[in-house]
Amino acid sequence: MHPELILIALKDSYQALVSLLLPEGILEYFELAKVVEAIPGLNIYLEEKNITPEKYKDEQLESKGFLPEIYVQDFPIRNQKVTLCIKRRRWEVKDSGEIVSRDWKVVQQGTRITKEFADFLKPGRRADLYR
């Protein structure tokens, strides 16, 4: 088999496996950055993709990095505690200088992300998160 075809097959297998382990729909908006075995479990690091929020599709936006990382307890994998370490992106609206981020309530309504997961991503909910 040609090396490029092998890489494509491996990438497809990787995506399929990761999508089964993470909350449904999360890979539409987040990339898996790394996985770290920690005590007592796994820390899965996710970074929001640089996809312009629908609400600002007609605006010129510039990515301005990430909001502070949040931590969400997820279902255990193979009897190991799982913590999702999530970095949400922020953008600057070029015309106004306003800093914006994705409205997760809207995303939850329009995609397969669960309401519970979207609720965890909403600002002001960090007090409910572990760590």
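So, a few notes on the structure that sits alongside this text.

Cut-offs used in this document
Residues numbered from 1 in each chain as written. Predicted model: local features only at pLDDT ≥ 70, side-chain atom pairs only at ≥ 80, totals over all residues. Heavy atoms only, no water. Core = buried A, V, L, I, M, F, W, Y, C linked by side-chain atoms within 4.5 Å. Buried < 20%, exposed > 50% of the residue type's maximum accessible area, 1.4 Å probe, protein only. Contact = heavy atoms within 4.5 Å. Pairing = 2+ DSSP bridges. Helix = DSSP H or I, 4+ residues; strand = E, 2+ residues; numbered from the N terminus. Axes fitted to C-alpha atoms, helices over the stretch in contact; angles between N-to-C directions. Salt bridge = Lys/Arg side-chain N within 4 Å of Asp/Glu carboxyl O. Patch = residues over 30% accessible without salt bridge, like charges linked within 9 Å, V, L, I, M, F, W, Y side chains within 5 Å. Areas by Shrake-Rupley, 256 points an atom, 1.4 Å probe, with all protein chains shown as cover. Lys, Arg positive; Asp, Glu negative; His and termini not counted. Charge placed at Lys NZ, Arg CZ, Asp CG, Glu CD.

### Re the nonpolar core
When a protein is soluble and globular, its nonpolar side chains tend to lie buried together.
Now for step 1: Core analysis: the biggest nonpolar cluster contains 14 residues, and Leu22, Ile26, Phe30, Ile44, Leu46, Leu84 and Ile86 have the highest contact counts within it.
Now for step 2: When neighbours within four sequence positions are excluded, Leu46 is seen to be in contact with Leu22, Ile26, Phe30, Glu31, Leu32, Ala33, Leu84, Cys85, Ile86 and Lys87.

### What about the sheet that holds strand β2 (residues 41-48)?
Now for step 1: As summarised here, the arrangement of the four strands in space is β1-β2-β5-β4, forming an open sheet in which the pairing is mixed. At either margin of the open sheet sits one strand with a lone partner, and together these are β1 (30-38) and β4 (70-77). Neighbour to neighbour, the strand axes of the sheet diverge by 25° on average, direction disregarded.
Now for step 2: In the sheet, β1 pairs with β2 via eight bridges, with the strands oriented antiparallel. From the neighbouring strand, Val36 faces β2, where its bridge partner is Asn43.

### As for the sheet that holds strand β3 (residues 61-66)
Now for step 1: Ordered in space as β3-β6-β7, the three strands form an open sheet in which the pairing is antiparallel. Of all strands in the sheet, those bounded by a partner on one side alone are β3 and β7 (99-100).
Now for step 2: Bridge analysis of β3 against strand β6 (residues 89-93) gives four bridges, and the strand direction is antiparallel. Its bridge partner lying in β6, Ser63 is registered against Trp91.

### Considerations on the pattern of salt bridges
Now for step 1: This model, assessed by the stated rule, comprises six salt bridges.
Now for step 2: A salt bridge links Lys87 to Glu47; its shortest N-O distance comes to 3.9 Å. With Lys87 in strand β5 (residues 80-87) and Glu47 in strand β2, this pair connects stretches of sequence that are 40 residues apart.
Now for step 3: With a relative accessible area of 26%, Lys87 lands in the partly exposed category.
Now for step 4: Here Glu47 falls in the partly exposed class, since its relative accessible area comes to 26%.

### A closer look at a negative patch on the surface
Now for step 1: Together, Asp58, Glu59, Asp95 and Glu98 give the surface a local cluster of negative charge.
Now for step 2: With respect to the secondary-structure elements, Asp58 resides in the loop between β2 and β3.

### Some details on the pairing of β4
Now for step 1: Judged from the six bridges that link them, β4 and β5 form a sheet pairing that is antiparallel. Paired with Val72 across the strands is Leu84, a residue of β5.
Now for step 2: Remark: two residues form the turn of the hairpin made by β4 and β5, two consecutive strands paired antiparallel; Arg78 in that turn has positive phi of roughly 50°.

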